[in-house]
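Here's the letter readout for the chains.
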Amino acid sequence: IEAGSNAEKTIHAKKRDLRSFLEFFSDATGCVEADLWTRSLTADYLKWLQAEKRSATTVNRLLATLRHCAKWIHRRRPFLAGDPTERIRDVRVDDPEWNGLKSMEVTRLKAAAEHLVHLRKRRDQQPIRDRAIFLVLLRTGLRVSELLRLDLAQDQGKHFVNVARKGRKVTRSAFVAQEAREALDAYLESD
């Protein structure tokens, strides 16, 4: 009920998270008496999750669900030992390894795009457009779908304005680096 405004998948995930904790809780205590939920039980649950080789982000997501649930219960009927998630910290998440293109790979792709401009063999090829798209995607961080939704009115020289992003978000201004700007201008002038 409390999460009713969330997406259906989110509600199912929260139910799954709570089921996981309730199974651990009933195994640990032998019952489902809410007042037996203490801070040490929450901490042990997190240790158990880590021993089960759950990722730090998954453990933190589960903890966020537990925090929300504990606060909701605690507001309606306080736990005897206090909020069981109070002072329980998130598990440290290491910075992910870079999975993007290496600088040499970017250099090779840019060179290939430049070659295509000069090696155009068929009428249906649009190498100037393709190079502009490649450089704009590379230098702005936009997704292909986000770029395709742009119109000319959103192009404000060094920026794209009011860019519709993933998750119904809107970026007020997306900077277009000089290299991408030049390629985009060359394409717009070629039409």
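Above this text sits the structure in question.
Quantities reported herein were computed from a predicted structural model and do not represent experimental measurements.

Peer 1: Outline the nonpolar core, supporting the account with residue identities and numerical values.
Peer 2: Counting 16 residues, the largest nonpolar core has Phe 21, Trp 37, Leu 41, Tyr 45, Leu 46 and Leu 49 as its most contacted members. At the level of secondary structure, the elements contributing two or more residues to this core comprise α1 (8–29), α2 (39–51) and α3 (56–76). If we ignore the near neighbours within four places in the chain, the residues touching Phe 21 are Trp 37, Leu 41, Tyr 45 and Leu 66. Counting 14 residues, the second-largest nonpolar core is a separate cluster that includes Ala 132, Val 136, Ala 174 and Val 176.

Peer 1: An account of helix α4 (residues 103–118) is requested, with residue identities and associated values reported.
Peer 2: With 16 residues, α4 extends 23 Å from end C-alpha to end C-alpha; this agrees with the ideal 22 Å at 1.5 Å per step. Within the span of α4, buried status applies to Val 106, Lys 110 and Ala 113. Along the long axis of α4, the arc covered by the buried residues comes to 60 degrees, so they all point the same way. α4 presents Arg 108 and His 118 as exposed residues on the side facing more than 90 degrees away from its buried surface.

Peer 1: How would you explain the packing of α2 against α3 if you had to name every residue and give the values?
Peer 2: Running from amino to carboxyl end, α2 crosses α3 at an angle of 155 degrees, the nearest separation of the two axes being 10 Å. Classified by the angle their axes make, α2 and α3 are roughly antiparallel. Viewed along their axes, α2 and α3 form a crossing whose handedness is right-handed. Along its contact with α2, which presents Thr 42, Tyr 45, Leu 46, Leu 49 and Gln 50, the element α3 presents Val 59, Leu 62, Leu 63 and Leu 66.

Peer 1: An account of the packing of aromatic side chains is needed here, citing residue identities and associated values.
Peer 2: All told, the structure shown has seven aromatic pairs when counted by the stated rule. Judged by centre distance (5.1 Å) and plane angle (80 degrees), the rings of Phe 21 and Tyr 45 are edge-to-face. Highlighted residues: Phe 21 in helix α1 and Tyr 45 in helix α2, separated in sequence by 24 residues. For Phe 21, a relative accessible area of 3% translates into the label buried. On the numbers, 5.7 Å between centres and 40 degrees between planes, the contact of Phe 24 with Trp 48 is tilted. Placement of Phe 24 in helix α1 and of Trp 48 in helix α2 is noted, with a sequence separation of 24 residues between them. By relative accessible area, Phe 24 is classed as buried at 14%. For Trp 48, a relative accessible area of 33% puts it in the partly exposed group. By the ring-pair criterion, three or more aromatic residues cluster together here, those being Phe 21, Phe 24, Phe 25, Trp 37, Tyr 45, Trp 48 and Phe 79.

Peer 1: Give a description of the packing of α1 against α3 that names residues and reports values.
Peer 2: Packed helices, taken two at a time, are described by their axes: the angle between them and the distance between them. Where α1 meets α3, the closest approach of the two axes is 9 Å, and the angle between their N-to-C directions is 85 degrees. In terms of axis orientation, α1 runs roughly perpendicular to α3. Between α1, through Lys 14, Asp 17, Leu 18 and Phe 21, and α3, the contact on the second element is made entirely by Arg 61, Leu 62, Thr 65, Leu 66 and Cys 69. Of the residues assigned to the contact of α1 with α3, the class counts are five nonpolar, one polar and three charged.

Peer 1: Give a description of the side chain of Gln 154 that names residues and reports values.
Peer 2: Within the secondary structure, Gln 154 is located in the loop between α6 (144–148) and β1 (159–164). Within the local environment of Gln 154, its side chain forms a polar contact with the backbone nitrogen of Asp 151, the two atoms lying 3.0 Å apart.

Rules of the game
- Each residue is numbered by its place in its chain's sequence as written, counting from 1.
- Two thresholds apply to this predicted model, a pLDDT of at least 70 for residue-level local features and 80 or more for giving and counting side-chain atom pairs, whereas whole-chain, interface and lining totals are computed over all residues.
- Where side-chain values are given, they derive from all heavy atoms of the structure, hydrogens and water being excluded.
- In these notes, a set of buried Ala, Val, Leu, Ile, Met, Phe, Trp, Tyr and Cys residues joined through side-chain atoms within 4.5 Å is what counts as a nonpolar core.
- The buried label goes to any residue with under 20% of its type's maximum accessible area, the exposed label to any with over 50%, and the partly exposed label to all in between, with areas taken from a 1.4 Å probe on protein chains only.
- Helix and strand definitions here come from DSSP, where helices need a minimum of 4 consecutive H or I residues and strands a minimum of 2 consecutive E residues; each element is numbered from the N-terminal end.
- Contacts are residue-level and defined by heavy atoms, with any inter-residue pair within 4.5 Å sufficient.
- Each helix should span, by expectation, one fewer than its residue count multiplied by 1.5 Å.
- It is the directions from the helix axis to the C-beta atoms whose arc is reported.
- Helix axes use the C-alpha atoms of the stretch in contact, all axes being lines fitted to C-alpha atoms, and the angles between their N-to-C directions lie in the range 0 to 180 degrees.
- The cut-offs work like this: below 35 degrees is roughly parallel, past 145 is roughly antiparallel, 65 to 115 is roughly perpendicular, and the gaps in between are oblique.
- The handedness criterion is simple: a crossing whose near helix is rotated anticlockwise from the far helix by less than a right angle is left-handed, and one whose near helix is rotated clockwise is right-handed.
- Pairing of aromatic rings covers Phe, Tyr and the six-membered ring of Trp, with a centre-to-centre limit of 6.5 Å; geometry is then stacked below 30 degrees between planes, edge-to-face above 60, and tilted otherwise.
- Following the grouping adopted for this structure description, the nonpolar residues are Ala, Val, Leu, Ile, Met, Phe, Trp, Tyr, Cys and Pro, the charged ones are Asp, Glu, Lys and Arg, and the polar ones are all others, Gly among them.
- Think of a polar contact as two N or O atoms within 3.5 Å of one another; within protein, one of them needs to be a possible hydrogen donor and the other a possible acceptor, and neighboring residues in sequence only count if both atoms come from side chains.

Keep in mind these values describe shape, not function.
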